Amino acid sequence: MRLLVLGSAAGGGVPQWNCLCEVCRLAWAGDPRVQPRTQSSIAVSADGEQWVLLNASPDLRAQLDAAAPLSPLTNAAPTDKRRSPIAAVLLTNGDVDHIAGLLTLRERQELTVYATESVLGVLADNSVFAVLDPRHVRRQPIRLEEAVQPVAGLELSIFAVPGKVPLYLEGDNVEIGGESEMTVGVRVSANGANAYYIPGCASVTGDLKERVRDGDVILFDGTVYHDDEMQRAGVGEKTGSRMGHLSMAGESGSLQGWDGYAPVRKIFIHINNTNPVLVEGSPERATIEAAGWELAYDGMEIEL
Ligand code: MLT
Ligand code: MN
Ligand code: ZN
């Protein structure tokens, strides 16, 4: 199995277009301690020939430019005029950073978009997605715990994780931390290996830890380091938990939640630009590394 990190950042990317938080300032200045990152998506494949995108970010076009295996040239015949190694897209929620890239895939390419009924409902309610011509782009609902095989040899199944509805669907009373079809994690299986991709999660539950026990690697929500990090950075009032993301640090944070969970390879992904772990050499980066965590970066490849 091959996993390719297309975008390791959370919504906004690093640096974010309008942000001058400490991390973004370094990134704007080209400081080598902060690697720029695009928004949240990975690609998975059993054979390196046919690929499935897990989420489609607003940065998808640039991500495809940077990802040689996803180029139309991969295994192209001399007579091919239109083709892509991308066979399908699976969505883990309806957040803008996970669905806006679908609009980049609108050029009449045969594709299947997998998501829960709830998330497909979000697409159906936003008519701009009708630009994905239904004669070519199939929308395939999948149920929680159901396994699908988008391409030969690659099995995907989804499961609910604590989360919330997308920002743009929040009403006056937002339920945060509930498990529903609105926020899912993905189990990716091929050739006897298993990977888990969970870019949004509000807490580490016992059930979740039990579930991923057969994983060789987990890519897990690393949005913020401190729950109140946006306030500390002076860029907003929202906490990580209000956004449906647990922090790395703290009593109910992911470092604590996954403590001692070895020998699974653990990688933080969906990193917000305010997160100090993005600065190489920072004490926070040292802390996560000492706890056995890696930090995903754009272009990171994992072979299982
Ligand atoms: C999130 O991960 O909380 C969302 O992507 C935020 C957003 O919609 O910008
Ligand atoms: Mn996000
Ligand atoms: Zn920033």
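Refer to the preceding data block for the structure.
Residues numbered from 1 in each chain as written. Chains lettered and ligands numbered in written order. Predicted model: local features only at pLDDT ≥ 70, side-chain atom pairs only at ≥ 80, totals over all residues. Heavy atoms only, no water.

S.K.: Break down the sheet that holds strand β13 (residues 293-295) for me, citing the residues and quoting the values.
M.R.: Reading across the sheet, the 7 strands line up as β7-β8-β9-β10-β11-β12-β13 and stay open at both edges, with mixed pairing between neighbours. This sheet does not close on itself; its edge strands, each paired only once, are β7 (147-151) and β13. Averaged over all neighbouring strand pairs, the angle between strand axes comes to 30°, with direction disregarded. Sheet topology places strand β8 (residues 154-163) next to strand β9 (residues 178-190); 8 bridges connect them, and they run antiparallel. Of the residues in β9, the one forming a bridge with Phe159 is Gly185. (Pairing = 2+ DSSP bridges. Helix = DSSP H or I, 4+ residues; strand = E, 2+ residues; numbered from the N terminus. Axes fitted to C-alpha atoms, helices over the stretch in contact; angles between N-to-C directions.)

S.K.: I'd like a rundown of the site of ligand 1, residues and numbers included.
M.R.: Close to ligand 1 lie Asp95, Asp97, Leu167, Met243, His245 and His270, which account for all nearby residues. One of the side-chain nitrogen or oxygen atoms of Asp95 is found 3.4 Å away from an oxygen atom of ligand 1. In the environment of ligand 1, an oxygen atom lies 3.2 Å from a nitrogen or oxygen atom belonging to the side chain of His270. Protein coverage of the free-state accessible area of ligand 1, which is 270 Å², stands at 78%. The class makeup of the residues in the shell around ligand 1 is 2 nonpolar, 2 polar and 2 charged. (Near = heavy atom within 4 Å. Polar contact = N/O pair within 3.5 Å; in protein donor to acceptor, adjacent residues only side chain to side chain. Areas by Shrake-Rupley, 256 points an atom, 1.4 Å probe, with all protein chains shown as cover. Nonpolar A, V, L, I, M, F, W, Y, C, P; charged D, E, K, R; others polar.)

S.K.: Quick one: what's the story with helix α8 (residues 283-290), residue by residue and with numbers?
M.R.: Those residues of α8 that sit buried are Glu284, Arg285 and Ile288. For α8, the arc enclosing every buried residue in end-on projection is 100°, short of the 170-degree limit, so these residues lie on one face. Within α8, the exposed residues directed more than 90 degrees away from the buried face are Pro283 and Ala290. The inward-facing, buried residues of α8 contact α7 (254-257), β12 (265-269) and β13. Looking one or two places after α8, you find Gly292, whose phi comes out positive at around 90°. (Buried < 20%, exposed > 50% of the residue type's maximum accessible area, 1.4 Å probe, protein only. Arc of directions from axis to C-beta. Contact = heavy atoms within 4.5 Å.)

S.K.: How would you summarise the coordination of the zinc ion (ligand 3) if you had to cite specific residues and measurements?
M.R.: The zinc ion (ligand 3) binds to the protein through Cys19 (SG), Cys21 (SG), Cys24 (SG) and Asn273 (OD1); the donor distances cover 2.2 to 2.3 Å. The site at the zinc ion (ligand 3) holds 4 donor atoms, and with the angles between them running 101 to 116°, its shape is tetrahedral. One chain supplies every donor for the zinc ion (ligand 3), spaced along it as C-x1-C-x2-C-x248-N. A residue is classified by how much of its surface remains accessible, and Cys21, at 1% relative accessible area, is buried. (Donors = N, O, S within 2.8 Å, 3.2 Å for Na, K, Ca; no water. Tetrahedral: all angles 85-135°; square planar, octahedral: opposite > 155°, others 65-115°.)

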